[in-house]
Amino acid sequence: MGVSGLGVALSSASLLELAKSRAPGDRERLLLGIVDLCDAGGAPQSRAEPAVQGLLSSIFMNLVVEAERDIRRRLSERLARADWAPPALINVLALDEIEIARPVIAGSPVLKDHDLVRLLVEATIEHQIEVARRPQLGGVVVAAILRQAEPAVLTALANNPTADLSDEDMRQLVAAARKVAALRTPLSRHPRLTADLAMQLYVWVGQSLRGALADRFRLDTASLDQAIADAIRDAHGNAPPEAEGLVIVAREGEREEMERKLIDKLHAAGQLRPGYLVRALREGRLSLFATALAQLGGFEADHIRRALDSDRPELLSLACAAVGIDRSVYPTILDMVRRLNNGRPSGGGAARPAGVLGPVPQTVAGAAFRQAVGAR
C-alpha cells in the first residue's frame, strides 16, 4: 500500500538506507525523519484515515521496540503535540519511564480521558502526578484522582487551576487538607475556593495562610479563632484557657511519638529505606521525614532539626549522603524541605550542597555531618 495520503513518499532513498542500518544514530534519524514527513505532508484528515494510521502505527512500533532511551525521549518530545500520532504509540510512550512519558502525558491531544484514567491505575506515582498536572484536565479524570486519594497526586491536582473541578471536588480536597498539609497552600490560592470552604480550610492552615484567606474572603477571624479555641478545649476535657498552649504542645508531642513508633516499626521490619524520605516529603510530613532520616542515619533527632532550620543546606546534604540518597535526587529533597519549612535550610541554593554528594562513602558523610552539626 502506498502512503501518498501523507503528501510525501516514505520510500525515498535516504530513508531506505537508514532503515537498513541498526546503528542507534541512524534509528533516531529514521524515526525523526518520519515525524518530519508526517508533520509536513498532506491534509490532516488524510493522516487520520484508518489505513494511514495503521501503517504509521506499524512503522513506529516496530522501530520503538528496539529504540534506546534517548531516542524514545526525543520521539516523545516531538510527538507531544502531534494530533496525527498513532494512539497505540502514544500510550506506549506514556507508560515508559517518567522522563520519556512526561511530554506526552502533559500535552498529547491523542490521550483521552480513558487513557489518563488507565495511567492512574497502572502507572507509577510520578506518572499519576503528571496526569494531575495536565492542563484542562476533565471531570472524569478528576473523579478518578479523588477516588484514589493519593496525597502527592491530590496535591498536584490542587496546584492545577485549569482542571475541571466541581464544588464537590473542591469540598473533598479541602477535607483532605486536614491530613495532607501539602494541600493547604495551593487550595488557599485556588480560583475555585469559596468563602464557605475558606472558613473550613482556615482551621487547618498556619498563621500566614490564615491571614491570606481572611484578606481574600473578608473572614471574621475573631469568631473563627474563638471557635477553634473552643473546639480545642472541648476535645481536651474543657481545659482552661491558660492551659491552651500546653494542650497544643501535648498534641504535637503525641503526633511525634506516633511517628517515632511508626519509623521504629518500619526499621525493625527492614522496610525503612531512603525512598521513604521522599514519600514523607511528598505527603507534606516534614517531621516524619526528620524522624526517618535520624533513624536511617543513626543521628540524634535534635541534630536533624538543627540541620533543617540552619542556613547551611550542606548539612542536610551530608545527612542524605550518609543514608544513601543519590546526588541526583538531593536537589528535589532540598526543594521539598524548603517548601514545607518556610524556606529553610536557607542559603547556598541547590548547587552547592549537591556537590557534597559526590563519591563520598556513607560512613564518611555521616561522620562529617555529626561533626559539623555538633559544632554549631
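All values reported here derive from a predicted model rather than from experimental measurement.

**Q** Quick question: what am I supposed to make of the overall build of the protein here?
**A** Counting its regular elements, the protein contains 24 helices and zero strands. Out of the 376 residues belonging to the protein, those deemed buried represent 45%. As displayed, the protein offers around 18900 Å² of accessible surface, 53% of which is attributable to carbon and sulfur atoms.

**Q** Explanation requested: helix 19 (residues 286-297) in the structure shown.
**A** The periodicity of an α-helix, 3.6 residues per turn, causes residues three or four positions apart to be oriented the same way. The end-to-end C-alpha distance of helix 19, which contains 12 residues, comes to 16 Å, matching closely the 16 Å that a straight helix rising 1.5 Å per residue would cover. Along helix 19, the residues classified as buried are Leu286, Leu288, Phe289, Ala290, Ala292, Leu293, Ala294 and Gly297. Remark: glycine 298 follows helix 19 within two positions and exhibits a positive phi of approximately 65 degrees.

**Q** What exactly am I supposed to notice about unusual backbone geometry here?
**A** Among all residues save glycine, negative phi is the norm, and among peptide bonds the norm is trans. Note the cis peptide between arginine 344 and proline 345, where omega equals 0 degrees. Within the secondary structure, proline 345 sits in the loop between helix 22 (330-340) and helix 23 (351-356). Phi is positive for glutamine 136, close to 55 degrees, though the residue is something other than glycine. With respect to the helices and strands, the residue glutamine 136 is situated in the loop between helix 9 (125-133) and helix 10 (139-148).

**Q** Please clarify how the packing of helix 10 against helix 11 (residues 151-158) should be interpreted in this entry.
**A** Angle between the axes and distance between the axes: these two values describe a pair of packed helices. Close contact between helix 10 and helix 11 brings their axes to 8 Å; oriented N to C, the two are set at 145 degrees. In this structure, helix 10 meets helix 11 at a crossing whose hand is left-handed. Taken together, the residues of helix 11 that come into contact with helix 10 (itself represented by Val142, Ile145 and Leu146) are Val153, Leu154 and Leu157. Here the contact of helix 10 with helix 11 is composed, by residue class, of six nonpolar, no polar and no charged.

**Q** Teacher, can you tell me more about the pattern of salt bridges here?
**A** Side chains bearing opposite charge may pair, as long as their charged atoms lie close to each other. In the structure shown here, the tally under the stated rule is 15 salt bridges. Among the ionic pairs, arginine 72 bridges to glutamate 97, the shortest N-O distance being 3.8 Å. Here the residue arginine 72 occupies a position in helix 5 (residues 69-79), and glutamate 97 occupies one in the loop between helix 6 (87-94) and helix 7 (98-107), the gap between them amounting to 25 residues. Assessed through its relative accessible area of 36%, glutamate 97 is described here as partly exposed. A salt bridge links aspartate 167 to arginine 192, with the nearest nitrogen and oxygen atoms 3.3 Å apart. Here the residue aspartate 167 occupies a position in helix 12 (residues 167-176), and arginine 192 occupies one in the loop between helix 13 (184-189) and helix 14 (195-202), the gap between them amounting to 25 residues. For aspartate 167, a relative accessible area of 53% corresponds to the exposed category. It is possible to trace a salt-bridge network through shared partners that takes in Glu99, Arg102, Glu130 and Arg133.

**Q** Explanation requested: the confidence of the model for the protein in the structure shown.
**A** For residues with low pLDDT, the predicted coordinates do not support detailed interpretation. For the protein, the mean per-residue pLDDT works out to 79, and 70% of the residues sit at or above 70. In this model, residues 42-46 is a region of pLDDT below 50 whose contacts with residues beyond four sequence positions or in other chains number six contacts. With pLDDT under 50 throughout, residues 235-252 is counted as low confidence; its partners more than four residues away or in other chains account for 12 contacts.

Cut-off values and rules
Residues numbered from 1 in each chain as written. Predicted model: local features only at pLDDT ≥ 70, side-chain atom pairs only at ≥ 80, totals over all residues. Heavy atoms only, no water. Helix = DSSP H or I, 4+ residues; strand = E, 2+ residues; numbered from the N terminus. Buried < 20%, exposed > 50% of the residue type's maximum accessible area, 1.4 Å probe, protein only. Areas by Shrake-Rupley, 256 points an atom, 1.4 Å probe, with all protein chains shown as cover. Expected span 1.5 Å × (residues − 1). Axes fitted to C-alpha atoms, helices over the stretch in contact; angles between N-to-C directions. Left-handed = near helix turned anticlockwise from the far one by under 90°. Contact = heavy atoms within 4.5 Å. Nonpolar A, V, L, I, M, F, W, Y, C, P; charged D, E, K, R; others polar. Salt bridge = Lys/Arg side-chain N within 4 Å of Asp/Glu carboxyl O. pLDDT = per-residue confidence, 0-100.

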